[in-house]
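Each chain is listed here by its residues.
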Amino acid sequence: MLNISHLTKRYGDKLAVDDLSIHIAPGEIYGFIGHNGAGKTTTLKAAVGILQYDSGTITIDGTDLQADPLGCKAMLAYIPDNPDLYDFMTGIKYLLFIADIFGVSAKDRNDRIRELADQLGLTDDLAQPISAYSHGMKQKLAIISAWLHQPRLIIMDEPFVGLDPKASHLLKQMMREHCDQGGAIFFSTHVLEVAEKLCDKVAIIQHGRLIRSGTMEDVKGDDSLEEVFLELEGESC
Amino acid sequence: MLKVLIKKQVSETLYRSFRRRNPNRTGKSGGKGKLSGKSTMIIMIVAALYLVAMFTFFSVGLCQKLMAVELDWLYYLICSGAAIIFGTFGSVFSTSFTLYMAKDNDLLLSMPIPIRDVIISRLFSVYIMSLLYSGLITIPSVVVGLILGGFSFSRLLGGLILVVLISLIVTGLSCLLGWVVAKLSQRLKNRSFLTVLIALLFFGLYYYVYFRIMDRVQDLLEAMIRIGGEIRSSAYFLYIFGLIGNGNWLGMACWTGVVLLALGLIWLILKKTFLSISTATPTPKRAVYKEKEIRQGSVSYALYRKEWYRFTTSANYMLNCGMPLLLLLGAGAFMLIKGRKMILMMSVVLAQVPGTIPVILCAVCCMLGGMVDISTPSVSLEGSTIWQLQCLPVTPWKVLRAKLMLHLSLIAFPTLFSSVVMMLLAPAGTALIQRILIPIISVLNAVFFAQYGLYLGLKLPNLSWTNEIIPIKQSAPIFFVIFTGIGLSFAFGGAYLLLGGAIGATAWMSIFAVLFFVANVALYRWLRGPGSARFAAL
């Protein structure tokens, strides 16, 4: 579904991502772990076509991101770490905007907005301007907008930050259902317990380089993911 | 602590105004940021010099007349009144945002910083803004007063005190009005439109009074001695304010005391209410979502609608960038009512250069059209939300086209209305081609400024603003567009009197139509190609 091959990105003299390769198959929830400034967000932004990269290739379902960016973007949804949405719109206007961009039919958008907003407890607030939303409500709206057009690949940067426990639990269920239906999810997180329980595969990045990746069993063995991560961090220090 | 906060305010203003560097870009772009900063500074200095020259000219005329009849104090009073009005208008709309709605309010208030220091640092920004705006009038008028009225130490001191007092009065008025706006904003549902409505009423009143005064200015000058005597006897306090410029110690002492007392009161109000207003969540009536039948729209329409929401939900955006639309409509309406009389007067004054009237009428439409700068801040206004458009399956050109379409759809009717009125009102002997060229050039001019504003917005973007007033009102692209508009109109209308008379109005207008057309094609090509690529890489 998502194939990142030898991705390299520099900011001036700083090497943010160094020859990174990741392959995510349909049906997989892929966790992305690393310390602050390790290159997670840069990789995710490059994978959704926001950030130009220096070398390497990124393909989504076999389509090269640089050759056909719109084709790739039509297949994915992205939720950034800080969901800066259009404050000047109401929640419902924002969702309709996203639905129009992705060409979701009137019937489908009605059904999906109703279902997702009810699940996340946001229905009553959809007429409110986004500027009046809390961080968690914005995150919920971003989640609805991501699921609204039924993308094949969902890329999320720290999606659990700001969510209440119920919404957090629901998001995990939604992620699993999405992958069970043939979709794929690539997300970054600092919550290692969540990654350990939720992910089929995981990658650990350090100073822009991929230092370990594979199935959860391959990466952590008999230890906890936290122990492995801290051990790898310790080695690098 | 206070020093640190003031330093932050100053560096924020300077950084936002003169440097804009995309953190995702490296190497050369840093240099580009510096270059754009220099360009901004140059254009601001040119703009300031232009305004200073204009007010100096105004001051010389007034000073000569009034000092000849020993009404020095009335000269200073009139100049002070003009400075207070100009200064308050200049800074009032940004004051409530600077004081109460800055994005870093929560951050600062969560730190162990006395609220007093936060207010003072914010007031410092307001004061600088007030000083800059009012100083454009007070400084030239004081200098002119010193030169024409004779230099003395007391007059110099009085002049300096006048400059400071007026800037303080403007600060006080801006704070009070900003406070009212902030209080209203908390309770109103459609506060953008209501703010615009209130502001327009305010502007309307101002222009009504202004034009009434201009109508009567000749009478006033003739009756100045009588009026001066009346003010002196019935409004003695205003009289002694005017005396400050003459270095009158009583005036200086009284008014310094009054202004300081008034500022003290305003300070108490601010200190008492700052925390509650700056941390309050707006509480308009809560709307509950009710499911309605929804229709599917096209991608282009969705992008256009997004721009429309952006424009109509911001009073600042509407007022600062869209108000010239009303001026265009107003100019058309004014000419419909008083056009014949105006054309008759112009025919007498401009009889020496044939064909001037259609050129001037067209130049007026162009100048007003050039003042509409809706597309200019539209890229910067994306701010931290720009990631959305970049990760959606839409081409950058479609995004830019939506921004252009908003500008063009709003300016289309006012431009056509005013230019067609001008076309119909052109004097009897005007050639048909000259008449037709008036709306053609006006439309080409409107398209040019829509594209030129977007071009500048892409060339000098500022996506890291903390207050939307910065890209809307205080950015380099806005200055460039406004002064290009004024410059081009003067080049078109004014230069015709000097140069165009030799080649005739038809040829002159045709040259400008062709130039606008070529510039529009070039800008269109740039926006579709390099401009779109630039947007994608922001």
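For the structure, see preceding data.
My aim in this report is to walk through the structure given alongside it, one point at a time.

Quick notes on the rules
Residues numbered from 1 in each chain as written. Chains lettered and ligands numbered in written order. Predicted model: local features only at pLDDT ≥ 70, side-chain atom pairs only at ≥ 80, totals over all residues. Heavy atoms only, no water. Helix = DSSP H or I, 4+ residues; strand = E, 2+ residues; numbered from the N terminus. Buried < 20%, exposed > 50% of the residue type's maximum accessible area, 1.4 Å probe, protein only. Contact = heavy atoms within 4.5 Å. Areas by Shrake-Rupley, 256 points an atom, 1.4 Å probe, with all protein chains shown as cover. Pairing = 2+ DSSP bridges. Patch = residues over 30% accessible without salt bridge, like charges linked within 9 Å, V, L, I, M, F, W, Y side chains within 5 Å. Salt bridge = Lys/Arg side-chain N within 4 Å of Asp/Glu carboxyl O. Buried area = accessible area lost by both parts, 1.4 Å probe. Axes fitted to C-alpha atoms, helices over the stretch in contact; angles between N-to-C directions.

**Here's the deal with the overall build of chain B**
For chain B, the helix and strand inventory stands at 19 helices and zero strands. Buried residues in chain B amount to 49% of all 538 residues. Pairs at least 24 residues apart make up 83% of the contacts formed inside chain B by residues separated by at least 6 positions. Of the accessible surface of chain B, which amounts to about 25300 Å², a share of 72% is contributed by carbon and sulfur atoms.

**Considering the pairing of strand 4 (residues 55–60) of chain A**
Along any regular strand the residues' side chains alternate between the sheet's two faces. Residue and element names in this part refer to chain A. Taken together, the five bridges between strand 1 (residues 2–11) and strand 4 define a ladder with antiparallel strand orientation. Bridging from a neighbouring strand, Leu-2 pairs with Ile-60 of strand 4. Here two bridges tie strand 4 to strand 5 (residues 63–64), and the two strands are oriented antiparallel to one another. Counted as the bridge partner of Ile-60 is Thr-63 from strand 5.

**Description of a nonpolar patch on the surface**
Residues and elements named next belong to chain B. Together, Val-60, Ile-139, Val-143, Ile-147 and Leu-148 make up a nonpolar patch on the protein surface, roughly 420 Å² of accessible area in all. If one sorts the elements of the nonpolar patch by residue count, helix 5 (residues 115–149) sits on top with four residues. In this structure, Leu-148 sits in helix 5. The class for Leu-148 is partly exposed, based on a relative accessible area of 40%.

**A short note on the interface of chain B and chain A**
Quoted interface sizes are often the accessible area lost when the parts come together. Each partner contributes to the interface: chain B provides 35 residues, whereas chain A provides 39 residues. A combined buried area of about 3500 Å² lies between chain B and chain A, and 61% of that area is made up of carbon and sulfur atoms. Three residues, Tyr-289, Ile-294 and Trp-387 of chain B, lead the burial of chain B against chain A; their summed loss comes to 21% of the area buried on that side. Counting every contact that joins chain B to chain A gives one salt bridge.

**Some points on the sheet that holds strand 1 of chain A**
Residues and elements named next belong to chain A. Strand order in the open sheet formed by four strands is 2-1-4-5, and the pairing between neighbours is antiparallel. If you trace the sheet from one side to the other, it starts and ends with strand 2 (14–24) and strand 5, each paired once. Pairing of strand 1 with strand 2, which is carried by seven bridges, proceeds in the antiparallel orientation. Residue pairing for strand 2: Tyr-11 is matched across the bridge by Lys-14. Packing against the sheet, helix 1 (residues 40–47) makes contact with strand 1, strand 2 and strand 4, and its axis sits at approximately 120° to strand 1.

**So, the pattern of salt bridges**
According to the stated counting rule, one finds 19 salt bridges over all chains in the structure shown. With a shortest N-O distance of 2.6 Å, Asp-18 of chain A and Arg-209 of chain A are connected by a salt bridge. In this pair, Asp-18 of chain A sits in strand 2 while Arg-209 of chain A sits in strand 10 (residues 209–215), placing the two residues 191 residues apart along the sequence. By relative accessible area, Asp-18 of chain A is classed as buried at 19%. On the accessibility criterion, Arg-209 of chain A (43% relative accessible area) is partly exposed. One network of salt bridges, in which partners are shared, links Lys-306, Glu-307, Glu-382 and Lys-403 of chain B.

**Here's the deal with the sheet that holds strand 8 (residues 184–188) of chain A**
Residues and elements named next belong to chain A. As summarised here, the arrangement of the six strands in space is 6-7-8-3-9-10, forming an open sheet in which the pairing is mixed. Each edge of the sheet is formed by a strand with only one pairing partner; in this case those strands are strand 6 (76–79) and strand 10. The average undirected angle you get between the axes of adjacent strands in this sheet is 15°. Judged from the six bridges that link them, strand 9 (residues 201–206) and strand 10 form a sheet pairing that is antiparallel. Looking at the pairing, Ile-204 lines up with Arg-212 of strand 10. Lying over the sheet, helix 6 (residues 165–180) contacts strand 3 (29–34), strand 7 (153–157) and strand 8, oriented at roughly 145° with respect to strand 8.

Purely spatial values, then, with no claim about function.
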